[in-house]
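These are the residues of each chain, in order.
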Amino acid sequence: MENIDSVINSHYGMITSAQATEIASKNNSLLSKEHIDVQGINDFLKMQTHQSSLLKDSKGGNYNVIIEDKIYRIFEDFDNIDDNKKKNKRTIILGREGNTIALKLSEKFSKIIDINGFERGDIISARNVLLDIIHNELIAIPTTVLTRIFPSDSGIKNYDELIDGMKNIDVIGNIIEIGPIRYVNKINSNDLIGISSCVISNTYKTFNVSLWGRAALKTAAMNVNDTIKIEFCSIKKRNNTLEIYANDLSRILINKNLSSRLI
């Protein structure tokens, strides 16, 4: 069990020994396991909301955990450093629909998951990450270790299955054409948004892809013959032709190992 004195000290001496014992016992029961899943983390976080509000106000609101669960989605974020450089970051959402938690990654770990082809549907282990109970999220630190336990096999590769109105799907293909990035004004705004396009193939059929926002910027890293997986995209009909639509909420993974899944 967590040391009672350390719990009292983390609350600046403003809780009783009985309260500290209860907190230490609950913390120990959930977070001292070899590993925990998203359900366990969220159960723990819910427990904190029923404890003294002093816990939420304390500055000692971080716990070190090992979590194992499925990647639900991956967001691409950009931090502006100056006008000419952007730091590419990732947020991994772990868990399943309706029961998730965010894992915030630094640029270092963002590169690792891209290089190693981490994707939606992978079951991963994140060892030595911080659980921030103030913001209800996980944070990778320099000593964090990310490991793929079981690889995903998601991604539609038979384009005959794609129909108008499909949403939040994943599609795999080889790039055969890449369009330039253009910038247009957002509707009712002077802000600019990037747009681009590409054409992908599953070796016997091609499909047009319309890219907007961050998805459009990703074409700068693409090359003809690259294999990509477009996660959380949708299918729309334009000019009587179906196309894949990807935007800021989508993620594009470029990885040669994906080619083995194509028909």
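Residues numbered from 1 in each chain as written. Predicted model: local features only at pLDDT ≥ 70, side-chain atom pairs only at ≥ 80, totals over all residues. Heavy atoms only, no water.

Visitor: Describe the overall build of the protein, naming the residues involved and giving the relevant values.
Guide: In terms of regular secondary structure, the protein is built from 6 helices and 12 strands. Sequence separation of 24 or more characterises 62% of the internal contacts of the protein that already satisfy a separation of 6 or more. If you sum the accessible surface of the protein, you get close to 13,800 Å²; carbon and sulfur atoms cover 49% of it. (Helix = DSSP H or I, 4+ residues; strand = E, 2+ residues; numbered from the N terminus. Contact = heavy atoms within 4.5 Å. Areas by Shrake-Rupley, 256 points an atom, 1.4 Å probe, with all protein chains shown as cover.)

Visitor: Before we move on, could you go through the nonpolar core and cite the residues and values that matter?
Guide: Counting residues in hydrophobic clusters, the biggest one holds 26 residues, and the most contacted among them are Ile67, Leu94, Ile101, Leu103, Leu131 and Leu138. Those elements that provide at least two residues to this core are helix H3 (38–49), strand S1 (62–82), strand S2 (85–96), strand S3 (99–105), helix H5 (107–115), strand S4 (123–132) and strand S5 (137–150). Sort the elements by how many residues they give to this core and S1 lands first, with 5 residues. When sequence neighbours within four positions are dropped, the list of residues in contact with Leu94 reads Val38, Ile67, Asp69, Lys70, Ile71, Tyr72, Asn99, Thr100, Ile101, Leu103, Ile124 and Leu138. The next biggest cluster of nonpolar side chains, apart from the first, holds 21 residues, and it includes Ile156, Tyr159, Val171 and Ala246. (Core = buried A, V, L, I, M, F, W, Y, C linked by side-chain atoms within 4.5 Å. Buried < 20%, exposed > 50% of the residue type's maximum accessible area, 1.4 Å probe, protein only.)

Visitor: Mind laying out the environment of Asn223, listing which residues take part and the relevant values?
Guide: Position of Asn223 relative to the elements: it lies in the loop between helix H6 (214–217) and strand S10 (227–238). Excluding residues within four positions of it along the chain, Asn223 makes contact with Ile175 and Ile178.

Visitor: Report on the pairing of S5, specifying residues and quantitative values.
Guide: Remember that side chains alternate between the two faces of the sheet whenever the strand is regular. The sheet contact formed by S3 and S5 spans 2 bridges and is parallel. Bridge assignment links Lys104 to a residue of S5, and that residue is Ile139. Bridging between S4 and S5 involves 9 bridges; their strand directions are antiparallel. Within S5, the residue paired with Leu130 across the bridge is Ile139. The turn linking S4 back onto S5 is made up of 4 residues, and Asn136 within it adopts a positive phi angle of 55 degrees. (Pairing = 2+ DSSP bridges.)

Visitor: Residues and numbers for the confidence of the model for the protein, please.
Guide: When pLDDT is averaged across the protein, the result is 83; 78% of the residues are at 70 or more. The low-confidence segment residues 52–59 (pLDDT under 50) makes 15 contacts with residues lying over four places distant or belonging to another chain. Here residues 80–84 scores under 50 on pLDDT; set against residues more than four positions off or in separate chains, the count is 3 contacts. (pLDDT = per-residue confidence, 0-100.)

Visitor: Residue-level account of the side chain of Asp132, with values.
Guide: Residue position: Asp132 is located in strand S4. What makes Asp132 buried here is its relative accessible area of 8%. Separated by 2.9 Å, the side chain of Asp132 and the backbone nitrogen of Ile134 make a polar contact. (Polar contact = N/O pair within 3.5 Å; in protein donor to acceptor, adjacent residues only side chain to side chain.)

Visitor: Describe the side chain of Glu243, naming the residues involved and giving the relevant values.
Guide: Along the chain, Glu243 turns up in strand S11 (residues 241–246). In this structure Glu243 comes out as buried when scored by relative accessible area, which is 10%. Here the side chain of Glu243 touches Arg238 through a polar contact of 3.4 Å, side chain to side chain. Those residues in contact with Glu243, other than ones at most four positions away along the chain, are Phe207, Asn208, Ser210, Ser234, Ile235, Lys236 and Arg238.

Visitor: Tell me about the environment of Val224, and name the residues and values.
Guide: With respect to the secondary-structure elements, Val224 resides in the loop between H6 and S10. The exposure class of Val224 is partly exposed, given its relative accessible area of 46%. For the pair Val224 and Ile175, spaced 49 residues apart in the sequence, the C-alpha separation amounts to 5.2 Å.

Visitor: I'd like a description of a nonpolar patch on the surface, backed by residues and values.
Guide: A grouping of Ile181, Tyr183, Leu192 and Leu217 is seen on the molecular surface, where their side chains present a nonpolar patch of about 360 Å² in accessible area. Its location among the elements puts Leu192 in strand S8 (residues 192–201). (Patch = residues over 30% accessible without salt bridge, like charges linked within 9 Å, V, L, I, M, F, W, Y side chains within 5 Å. Salt bridge = Lys/Arg side-chain N within 4 Å of Asp/Glu carboxyl O.)

Visitor: Now, about unusual backbone geometry: what can you tell me, with residues and values included?
Guide: In this structure, Asn136 takes a positive phi of about 55 degrees despite not being glycine. Note on placement: Asn136 falls in the loop between S4 and S5. One non-glycine residue, Asn168, adopts positive backbone phi at about 55 degrees. Counting through the fold element by element, Asn168 comes out in the loop between S5 and strand S6 (169–178).

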